[in-house]
Amino acid sequence: MIPLVNLEKQYARIRTQVLARIEEVLESRAFIQGRYVGEFEREWAAMNGAPHAVGCSNGTSAISLALAALGVGPDDEVITVPNTFIATAEAIIEVGARPVFVDVDPATHQLNTGLLEQAITANTRAIIPVHLYGNLVDMDPLLQVASQFSISVVEDTAQAHLATYKGRFAGTMGDAGTFSFYPGKNLGAIGDAGAVFCRQAAHDQTVRKLLDHGRLSKYEHDLVGLNNRMDAIQAVVLQVKLAHIEEWTQARRATAAAYRDRIDSQCATAMAETPDSQPAYHLMVVEVANRDEVIAHMSAEGIATGIHYPLPLHLQPALASLGYTRGDFPVAEAAAERVLSLPMCPELELHEVEMIAGELNSVAHAS
Ligand SMILES: *Cc1c(COP(=O)(O)O)cnc(C)c1O
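Residues numbered from 1 in each chain as written. Predicted model: local features only at pLDDT ≥ 70, side-chain atom pairs only at ≥ 80, totals over all residues. Heavy atoms only, no water.

Two numbers describe how helix H3 (residues 59-69) lies on helix H7 (residues 201-210): the axes approach to 9 Å, and their chain directions differ by 125°. By the angle between their axes, H3 is oblique relative to H7. Considering the relative orientation of H3 and H7, their crossing is right-handed. For the pair formed by H3 and H7, the contact residues are Leu-65, Ala-66, Ala-68 and Ala-69 on the first element and His-203, Thr-206, Val-207 and Leu-210 on the second. Classifying every residue of the contact of H3 with H7 by side-chain character gives six nonpolar, two polar and no charged. (Axes fitted to C-alpha atoms, helices over the stretch in contact; angles between N-to-C directions. Helix = DSSP H or I, 4+ residues; strand = E, 2+ residues; numbered from the N terminus. Parallel < 35°, antiparallel > 145°, perpendicular 65-115°, else oblique. Left-handed = near helix turned anticlockwise from the far one by under 90°. Contact = heavy atoms within 4.5 Å. Nonpolar A, V, L, I, M, F, W, Y, C, P; charged D, E, K, R; others polar.)

In structure tokens:
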């Protein structure tokens with residue numbers, strides 16, 4: 001079976017270093033935050049040209065910490081897209097705010113910036129562009145609307161490590177950028193972990209306090225905080241992977257290009273890339289008209305596929321109280337019926353891409 005992501009192959013390459021670094025943490029007994037988390041924070045910020053980074057417990061807490069530090073709270077509205085992982089909406093609700101969805105662009109499936117203005121109300125406090133699949137939201141028009149209406153921007157960069165837009169790294173263009181290092185993400189820990197980039201030092205300091213019980217010192221608390229800290233074991237594993245992440249990102253781009261060369265446009269439509277961007281290809285997503293048939297055929301040929309995501313957030317039972325109905329976001333709804341994720345990871349080989357594309361072309365039709 002060709003899996004969607006092959007973490008086994010990746011681990012085989014870095015096993016010796018990972019085990020040595022984990023042993024170092026065990027010997028040091030600096031298990032939570034501390035030296036190793038600090039080192040990782042500085043390295044990850046430097047690699048992205050971000051002024052600072054804070055390590056935290058996961059990508060969901062990263063979003064809610066960023067929103068809270070920017071002052072988003074009860075009665076505020078936060079605009080995002082319906083075709084994302086539910087964590088984006090959960091983080092908004094976690095700080096007491098209300099998710100407001102806007103539809104996506106039919107070619108890229110990213111937030112349609114032309115729909116932003118009509119979604120803005122007197123209560124809109126933030127926009128969360130999600131760089132879905134590792135592709136980029138068209139940030140310049142989004143940042144322009146945000147600045148015109150004095151609205152904060154938090155980039156959900158959980159799928160877009162080291163993706164760039166007009167030469168700027170994803171996660172560094174808004175007031176804050178948030179990362180997930182869930183094991184299957186482009187930069188993955190061996191458990192849950194995340195990070196927040198803040199443009200302003202004051203917001204960085206607030207995130208640091210919030211995620212560690214609002215601490216000023218050990219038993220002096222400035223804010224009512226949370227326990228959303230990063231573990232040192234996650235930090236050292238991420239440090240080992242930082243030595244490879246640029247090369248892995250290039251490998252993902254090369255694999256995506258190989259897929260694009262081989263996928264027949266009569267059979268499947270690959271997601272368009274946003275102009276002036278270099279996606280990180282967390283996922284290789286195509287649209288097909290006969291998805292069930294394609295999945296069954298691929299599975300019979302030993303090829304795993306995925307659907308990201310089968311049910312848009314505005315139709316999720318958990319979010320029914322937001323009051324949306326089918327038909328509210330026609331592009332996202334149509335996409336949910338047609339999207340198919342093909343195997344994508346740095347370790348995927350060219351002959352595998354050729355085989356997968358060949359099987360796809362033999363069964364799929366684009367319309
Ligand atoms: C994975 C993901 C998250 C949440 O990250 P966790 O580390 O799993 O909490 C948030 N947003 C998007 C778009 C994601 O893909």
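Additional details are given in the paragraphs that follow.
Let us look at the pattern of salt bridges. Taken as a whole and assessed by the stated rule, the structure comprises 14 salt bridges. Note that Lys-9 is salt-bridged to Glu-349, the shortest N-O span being 3.4 Å. Taken as a pair, Lys-9 in helix H1 (residues 7-28) and Glu-349 in the loop between strand E15 (339-342) and helix H11 (350-363) lie far apart in primary sequence, 340 residues in all. Lys-9 sits in the partly exposed class, given a relative accessible area of 32%. Notably, a salt bridge pairs Glu-273 with Arg-260, separated by 3.8 Å at the nearest N-O pair. Placement of the pair is Glu-273 in the loop between strand E12 (269-270) and strand E13 (277-278) and Arg-260 in helix H8 (residues 232-262), with a sequence separation of 13 residues. Look at Glu-273 and you get partly exposed, because its relative accessible area is 36%. (Salt bridge = Lys/Arg side-chain N within 4 Å of Asp/Glu carboxyl O. Buried < 20%, exposed > 50% of the residue type's maximum accessible area, 1.4 Å probe, protein only.)

A contiguous nonpolar surface patch, about 280 Å² in accessible area, is contributed by Leu-26, Phe-31 and Ile-32. Along the chain, the position of Ile-32 falls in the loop between H1 and helix H2 (34-48). (Patch = residues over 30% accessible without salt bridge, like charges linked within 9 Å, V, L, I, M, F, W, Y side chains within 5 Å. Areas by Shrake-Rupley, 256 points an atom, 1.4 Å probe, with all protein chains shown as cover.)

So, on to the packing of H1 against H8. Taken N-terminus to C-terminus, the directions of H1 and H8 make an angle of 150°; their axes are 8 Å apart at the nearest point. In this structure, H1 meets H8 at a crossing whose hand is right-handed. Here Gln-10, Arg-13, Ile-14, Gln-17, Val-18, Arg-21, Ile-22, Val-25 and Leu-26 of H1 lie close against H8, whose contacting residues are Ala-232, Ile-233, Val-236, Val-237, Gln-239, Val-240, Lys-241, His-244, Glu-247 and Trp-248. Of the residues in the contact of H1 with H8, the class split is 11 nonpolar, four polar and four charged.

Moving on, we come to the sheet that holds E15. One open sheet accounts for three strands, arranged E12-E14-E15; its pairing is antiparallel. Whereas interior strands pair on both sides, the edge strands pair on one side only; in this sheet they are E12 and E15. Along the sheet, helix H10 (residues 330-338) contacts E12, strand E14 (284-287) and E15; its crossing angle with E15, the most-contacted strand, is approximately 50°. (Pairing = 2+ DSSP bridges.)

The next point concerns helix H4 (residues 87-94). Within H4, the full set of buried residues consists of Ala-87, Thr-88, Ala-89, Ala-91 and Ile-92. Positive backbone phi, approximately 90°, marks Gly-96, located one or two places after H4.

Take unusual backbone geometry next. A cis amide bond, omega 15°, links His-308 with the succeeding residue Tyr-309. Structurally, Tyr-309 is set in the loop between helix H9 (291-300) and H10. The residue Ser-150 is not glycine, and still its phi comes out positive at about 50°. In this fold, Ser-150 is placed in the loop between helix H6 (139-148) and strand E5 (152-156).

Taken by themselves, the reported measurements are silent on function.
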